[in-house]
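One letter stands for each residue in the lines below.
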Amino acid sequence: MKKIIYLILLVSINFGFAQKKYDFNLYTIYEETSSNNNFQSLIFTDSLNANYYLSIYAKDNILIQASLSDIEKDARYIFDVSNKKIEELDFSKDFSSPYRKNIKANEEVLNKICENTQYYDRSIQKLNDSTEVETFKYYKNKNKKKVTSTVIVESSTNKKMFNHLQSDFIFLIIRCIDKSYNSKFIYNTNSVAFRKDGSKIEEQFKLIETNTTNFSINTQE
């Protein structure tokens, strides 16, 4: 995964019709385990602007997906990099012809999800002066007898960053409970949801690395 970083440090990506510029100065790498899959997500951000981010995914040194999300424009630019090896990635070619996909959220659906997850408890444990673990337990109804899901988040108490962690569980915390999670620097998450048939959906994120970078992408308005 670091080979991607080294390439990006040397290249400014230009799509050829340079109408909007996206600057990136920070990246984070997470090891993600979900539904029996294990892969790495590399997220590039601008520490001064939370309205866009670039995501690259790889598994066993093979690229799965790359996309640039612009929240203000409700758009995602998707790049065809699947099945390439990391060392084969050519930023001058592979990022030259993206296609756009609208990503406007369905507010009615999101409000319904928040309504369905309104019964919860949350507790915080301080690990040390700089780290805390917060646990969210969601329940089926206000009696709080049946747990439907649990989310455990380990984060920094003194570091802040725009949080674009690609987790539905974290997204719902931000959307429905606590917007301060938008700027939490997250080290690890461990989440599990229980289906009606008794099976489970599990998801874990583990921070591998974070560091500065410096490159730009130009794309069409």
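Quick note: structure is the one above.
Residues numbered from 1 in each chain as written. Predicted model: local features only at pLDDT ≥ 70, side-chain atom pairs only at ≥ 80, totals over all residues. Heavy atoms only, no water.

(A) How the structure looks around the side chain of Ser 156. Mapped onto the elements of the fold, Ser 156 is located in strand 10 (residues 147–160). By relative accessible area, which is 1% here, Ser 156 ends up buried. Side chain to side chain, Ser 156 and Asn 158 meet in a polar contact 3.0 Å long. Engagement of the side chain of Ser 156 in a polar contact is seen with the backbone nitrogen of Lys 159, the distance being 2.9 Å. Those residues in contact with Ser 156, other than ones at most four positions away along the chain, are Ser 130, Phe 185 and Tyr 187. (Helix = DSSP H or I, 4+ residues; strand = E, 2+ residues; numbered from the N terminus. Buried < 20%, exposed > 50% of the residue type's maximum accessible area, 1.4 Å probe, protein only. Polar contact = N/O pair within 3.5 Å; in protein donor to acceptor, adjacent residues only side chain to side chain. Contact = heavy atoms within 4.5 Å.)

(B) Inspection of the nonpolar core at higher detail. Grouped together as the largest cluster of nonpolar side chains are 20 residues, with contacts concentrated most on Tyr 22, Phe 24, Phe 44, Leu 54, Leu 68, Phe 79 and Ile 217. Not counting residues up to four positions away in its chain, the partners in contact with Tyr 22 are Tyr 52, Leu 68, Asp 70, Lys 73, Tyr 77, Phe 215, Ser 216, Ile 217 and Thr 219. Listed in part, the 19 residues of the second largest apolar core include Ile 170, Tyr 181, Ile 186 and Tyr 187. (Core = buried A, V, L, I, M, F, W, Y, C linked by side-chain atoms within 4.5 Å.)

(C) Geometry of the packing of aromatic side chains. A full pass over the atoms with the stated rule returns ten aromatic pairs. The interplanar angle of 75° and the centroid separation of 4.9 Å between the aromatic rings of Tyr 22 and Tyr 52 together place this pair among those described as edge-to-face. Taken together, the residues Tyr 22 in strand 2 (residues 20–34) and Tyr 52 in strand 4 (residues 49–59) connect sequence positions 30 residues apart. Residue classification places Tyr 22 among the buried positions, given a relative accessible area of 0%. Ring centres of Phe 24 and Phe 215 lie 4.9 Å apart, and the angle between their planes is 20°; this geometry places the pair in the stacked category. Remark: Phe 215 occurs in strand 12 (residues 200–219) and Phe 24 occurs in strand 2; sequence separation between them is 191 residues. Assigned by exposure class, Phe 24 and Phe 215 land together as buried. Aromatic rings pair up to connect Tyr 22, Phe 24, Tyr 27, Phe 44, Tyr 52 and Phe 215 into one cluster. Above the face of the Tyr 181 ring, Lys 184 is positioned so that its terminal group lies 5.1 Å from the ring centre. (Phe/Tyr/Trp six-rings, centres within 6.5 Å; stacked < 30°, edge-to-face > 60°. Lys NZ or Arg CZ within 6 Å of the ring centre and 35° of its normal.)

(D) Structural context of the environment of Asn 37. Position of Asn 37 among the secondary structure elements: in strand 3 (residues 37–46). Between the C-alpha atoms of Asn 37 and Lys 59, which are 22 residues apart in sequence, the distance is 8.9 Å.

(E) The arrangement of the packing of helix 3 (residues 107–116) against helix 4 (residues 168–176) in detail. Orientation of helix 3 relative to helix 4, taken along the N-to-C sense of each, is 90°, at an axis distance of 10 Å. Considering the angle they form, helix 3 stands roughly perpendicular to helix 4. From helix 3, Glu 107, Leu 110, Asn 111, Ile 113 and Cys 114 reach across to helix 4, where they touch Phe 171, Leu 172, Arg 175 and Cys 176. Broken down by class, the residue content of the contact of helix 3 with helix 4 amounts to six nonpolar, one polar and two charged. (Axes fitted to C-alpha atoms, helices over the stretch in contact; angles between N-to-C directions. Parallel < 35°, antiparallel > 145°, perpendicular 65-115°, else oblique. Nonpolar A, V, L, I, M, F, W, Y, C, P; charged D, E, K, R; others polar.)

(F) View of helix 4. Along helix 4, the residues classified as buried are Phe 169, Ile 170, Ile 173 and Ile 174. Buried residues along helix 4 cover an arc of 140° about the axis, so they all sit on one side. Of the surrounding secondary structure, the elements contacted by the buried residues of helix 4 are strand 9 (131–139), strand 10, strand 11 (184–194) and strand 12. Among the residues of helix 4, the N-terminal cap falls to Ser 167, whose side-chain oxygen and the backbone nitrogen of Phe 169 are separated by 3.3 Å. (Arc of directions from axis to C-beta.)

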